[in-house]
Amino acid sequence: MSDGYNLTQLKAGILPLSRAQEWEVARKEWKLVGISQADEPETCLCGHFPIIDLCTITNAITGNTVDVGNVCVKKFLGFRSDLIFASIKRIKRNPNKSIGPDAAVFFHRQGIINEWEYRFQQDTGRKRDLTAKQLATRHSINRKVLASIARRGIA
Ligand SMILES: [Zn+2]
């Protein structure tokens, strides 16, 4: 495959870790459980190199966990992890911006932001002119999110 994302190779990596052996069923066993950014570029299960935006996925039935690249997660497994990474890039560039709704759902589910912060995010996510207090809360949410995806690798 010219774009470097090889579905056959991804299947060969994912299927042995899945219960179902039919791809269309097997891929539904997987869920997105973590987001991180690699210090050193890594290679995706599909063979694509380099990958920096990593998604940790777990098989709900076998309990197997594996990291794959953002593109494969979106393209082949159907999770919009790209929207989460877009949020991360946005708030890294400008801490006054807010994470998007997909990222808010994900980080709330991960327990990174609490119920109150999640609601705050829903209410103020699109606002540009926040009060000083609201802006401080947004910054605090952004810091939690960025800390949770802190680069991994050599500590
Ligand atoms: Zn891949």
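Details of the structure are given in the entry above.
Notes on the structure follow. (Residues numbered from 1 in each chain as written. Predicted model: local features only at pLDDT ≥ 70, side-chain atom pairs only at ≥ 80, totals over all residues. Heavy atoms only, no water.)

This paragraph deals with the coordination of the zinc ion. Surrounding the zinc ion are the protein donor atoms Cys 44 (SG), Cys 46 (SG) and Cys 72 (SG), which sit 2.1 to 2.3 Å from the metal. Within one chain, the residues donating to the zinc ion are spaced in sequence as C-x1-C-x25-C. On the criterion of sequence distance, the pair formed by Cys 46 in the loop between strand E1 (30–42) and strand E2 (51–59) and Cys 72 in helix H3 (residues 70–75) is long-range, its members being 26 residues apart. You'll find Cys 46 and Cys 72 in the same group, each marked buried. (Donors = N, O, S within 2.8 Å, 3.2 Å for Na, K, Ca; no water. Helix = DSSP H or I, 4+ residues; strand = E, 2+ residues; numbered from the N terminus. Buried < 20%, exposed > 50% of the residue type's maximum accessible area, 1.4 Å probe, protein only.)

Further remarks concern the nonpolar core. Counting 38 residues, the largest nonpolar core has Leu 10, Ile 35, Ile 57, Ile 84 and Phe 107 as its most contacted members. Each of two domains, domain 1 (7–79) and domain 2 (83–148), supplies a minimum of three residues to this core. For Ile 35, the contacting residues outside a window of four places in its chain are Leu 54, Cys 55, Ser 81, Ile 84, Phe 85, Ile 88, Phe 106, Ser 148 and Ile 149. (Core = buried A, V, L, I, M, F, W, Y, C linked by side-chain atoms within 4.5 Å. Domains from an automatic or database assignment. Contact = heavy atoms within 4.5 Å.)

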